[in-house]
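Chain by chain, the residues:
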Amino acid sequence: MGDVGTEQRPRAAEPPRPRVDERVLGAGTGARFAMLLLLMPAACGSLMLAVLTPLADGDRAGCELAAGVDPADPDPWTAPAMIVGQQHAFDFCVSRWAPSPPWWQVAVWPVLVLVGAAVLFHVLPLWKARRSRVVPLEAIDPGGRLRTGIDLLVTGAGLRRKPRIVVDPAAVTGGAVVFGSDRRPVLCLHGGLLAVRRADPARFRTVVLHELAHIANRDVTLTYATVSVWRAFLLLVLVPALLWEGFQVYQDVSAGGGPSLDRDVLLALLTAAPVHLARWEILRSREFWADLTALRWAADPRGWPTAVTGPVGAGRGPMGGLAGLWRTHPHMSLRQEALADPEALFRVPALMVFLTGATACTVQIHLLNNVAPYGTATTGRYLAAALPPALLIAAGVGIALWRAVAYAVLTGAPVASGAVPGAWLGAGMSAATFVSGTGTGSGPGTQWIPERPWLLLVPVAVGAVVGAWSTRCADLWARTWRGRTLRPALLTGQTGLAVVVASWLVWWQLYGVAYLTGFSLPAEGVARWVTARYPTTAPPEDVLALPGLMLTPVLDGFAAVPLVALGAALMGVVPLAAWAVGPSGERPRWMPAGGPVPPADVPPLRRVLLPALVCGALACLALLLSRAYLHDGQPPPDARGGSYALRHVFWRGDRASEVERSALSAVSACPGPAA
């Protein structure tokens, strides 16, 4: 025993964190299903267009040769540069000698997939409930005692519709399954479950309540719709597209050439991988929600099977996480951990965020590919193709970040930054851009590594900024919102997030990918462009000597993208609106009673706006002084274009960006809740 002075006193036990209702802000499963439903129809036309175009009797290569394109030139920008100067003649040649497939041949494939999925959705329950496999419960329970017990559980669960109950005598496992739809559910009890009913009634009751929870959570239709859409897409689109690519490889080998893996194959695989993994994610997450719903219905925690349960954390780690990707049910150790504390349901999984980023970028590529043969690509088309994936990111990643913040606020835990999940989101976009090879072409001779691969880090950085901003907004709104539910504030935040992401996606596909694949303009070309926009009699050397001349096309690209100005404004307005509301000084009404009151140390709006207004005033003063300086040395009227006009643009843009930077710096510098 040590000395009295050195004796260590036992630490006081930390108070347990309050249990949080896992239904805060929804589960997010619908957003994952929307990801599937958005990607597959968008991919149908794009993948089948790669099959239909070679089948058409056309000679596009001849039109390219007529335009002066060298087919042996590996530079992906040589052909567009040769064609753009004679675009009308080239379009006429293509329409005459290599016409695109009729639009209905592309549009019919999404319709076929949806029709096939609807047929499978109705056939699968009939196949599972066939007489040769299952028997009615009355055949096993002629006295009706088992049916009465299950009816009591159904009544206690508050289900509006009683499920049809059947038994699978050949199934020796001690489980059950629900299939059909939310309107017509079928509960199938395994023969092994009936065998242990008398010996372990708690196990029987828990399993039945778990299956009834699927009905109460209304995830039966969602589950089988997911399975049906995936199988229809696999059979009607993905397999034919891959078979066609295999036939192309066979022809190359038969002609004496070597097999080549082109971008079309990788784009098909890139489409299939996130769809497949997102499908498993939907099926796994529904099990957690059903477990917690059954627990709210007073299911015995000892009723969950423990025979297959390994040590706590057995489902974690690199190998455990990789193996878990292909399971329809999560590992029992993870399910028991969620039963003890639903914190796992509020995490933002890196894999889910990465897949969302890859899926969003892939959807945009497919949508652009669908319309590429039918007219010139315009900024409006790029914007229309960017809005669906932007909404997908807001509904998937945005809601997940808000759920994580809401859990931290309710439990008093530190609010983690969203920069890391945002970086994973950007990494998914970069991976999709690299694999799809946007701007580098496809087929033999494809340039696999872009000219500027370091630009693939730009989406990662943008994603980190967007994720951190979204988390900050969620934290502010969660501590200041006074409504009974947080959903209106969530809608406000996700609207701003969708606009910001849409403007970024348009710029990335229009300009970022071009710079990534090696596009560049010579200084002389930029100088001619400047003098064409701002005519002048001054010598061209004045423009060439202007510092920052090569940044002009980049800045002009940002200005040309719709929604950029609105997105920049919303990045400041959305958090400022939360500050304008301000904390009420008491528990927000959206929080459940009984939990700790979160600290509302949100600085007042006056403290936020004062530094921004002071910096803005200084920036405006600097702008006036710079314009006065330029006014004193202005050239004659016919020479006020060129470098002189561009200096005015640079100074005005620099001062405007300084105002915005000052405002954003003031917003980010204000102390937030303790982390």
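These numbers were taken from a predicted model, which means no experiment stands behind them.

What follows is about the nonpolar core. Soluble globular proteins tend to bury their nonpolar side chains together. In terms of nonpolar packing, the biggest core is built from 67 residues, with Ile393, Trp402, Met429, Trp477, Val501 and Trp590 touching the most fellow members. Counting residues per element, the ones that place at least two in this core are helix H11 (263–296), helix H14 (350–371), helix H15 (379–411), helix H16 (419–436), helix H17 (457–480), helix H18 (487–516) and helix H22 (564–581). Looking at this core, the element that brings in the most residues is H15, giving 18 residues. For valine 501, the contacting residues outside a window of four places in its chain are Ala390, Ile393 and Val466. Ranked by size, the runner-up nonpolar core spans 51 residues in total, among them Cys188, Ile215, Met332 and Leu339.

Before going further, it helps to spend a moment on a positive patch on the surface. A cluster of basic side chains, namely Arg160, Arg161, Arg183, Arg184 and Arg218, defines a positive patch on the protein surface. Assignment of secondary structure puts arginine 161 in the loop between helix H7 (145–157) and strand S2 (164–168).

This paragraph deals with the sheet that holds strand S4 (residues 185–190). Spatial strand order, S1-S2-S4-S3: four strands in an open sheet with mixed pairing. Either end of the sheet is taken by a strand with one partner, and the two such strands are strand S1 (135–136) and strand S3 (176–180). With five bridges connecting them, S2 and S4 associate as parallel partners. Across the sheet, valine 166 pairs through a bridge with cysteine 188, a residue of S4.

A few words on the packing of aromatic side chains. Per the counting criterion, the structure on display carries seven aromatic pairs. Through pairs of rings, three or more aromatic residues link up here, namely Trp504, Trp507 and Trp508. Here the guanidinium or amino end of arginine 130 rests over the ring plane of tryptophan 127, the centre of that ring lying 4.0 Å away. Over the ring of phenylalanine 346 we find arginine 403, and its NZ or CZ is 4.4 Å from the ring centre.

Following the sequence through the fold, arginine 381 ends up in helix H15. Sequence separation between arginine 381 and leucine 368 is 13 residues; the distance between their C-alpha atoms is 7.6 Å.

Parameters at a glance
Residues numbered from 1 in each chain as written. Predicted model: local features only at pLDDT ≥ 70, side-chain atom pairs only at ≥ 80, totals over all residues. Heavy atoms only, no water. Core = buried A, V, L, I, M, F, W, Y, C linked by side-chain atoms within 4.5 Å. Buried < 20%, exposed > 50% of the residue type's maximum accessible area, 1.4 Å probe, protein only. Helix = DSSP H or I, 4+ residues; strand = E, 2+ residues; numbered from the N terminus. Contact = heavy atoms within 4.5 Å. Patch = residues over 30% accessible without salt bridge, like charges linked within 9 Å, V, L, I, M, F, W, Y side chains within 5 Å. Areas by Shrake-Rupley, 256 points an atom, 1.4 Å probe, with all protein chains shown as cover. Salt bridge = Lys/Arg side-chain N within 4 Å of Asp/Glu carboxyl O. Lys, Arg positive; Asp, Glu negative; His and termini not counted. Charge placed at Lys NZ, Arg CZ, Asp CG, Glu CD. Pairing = 2+ DSSP bridges. Phe/Tyr/Trp six-rings, centres within 6.5 Å; stacked < 30°, edge-to-face > 60°. Lys NZ or Arg CZ within 6 Å of the ring centre and 35° of its normal.

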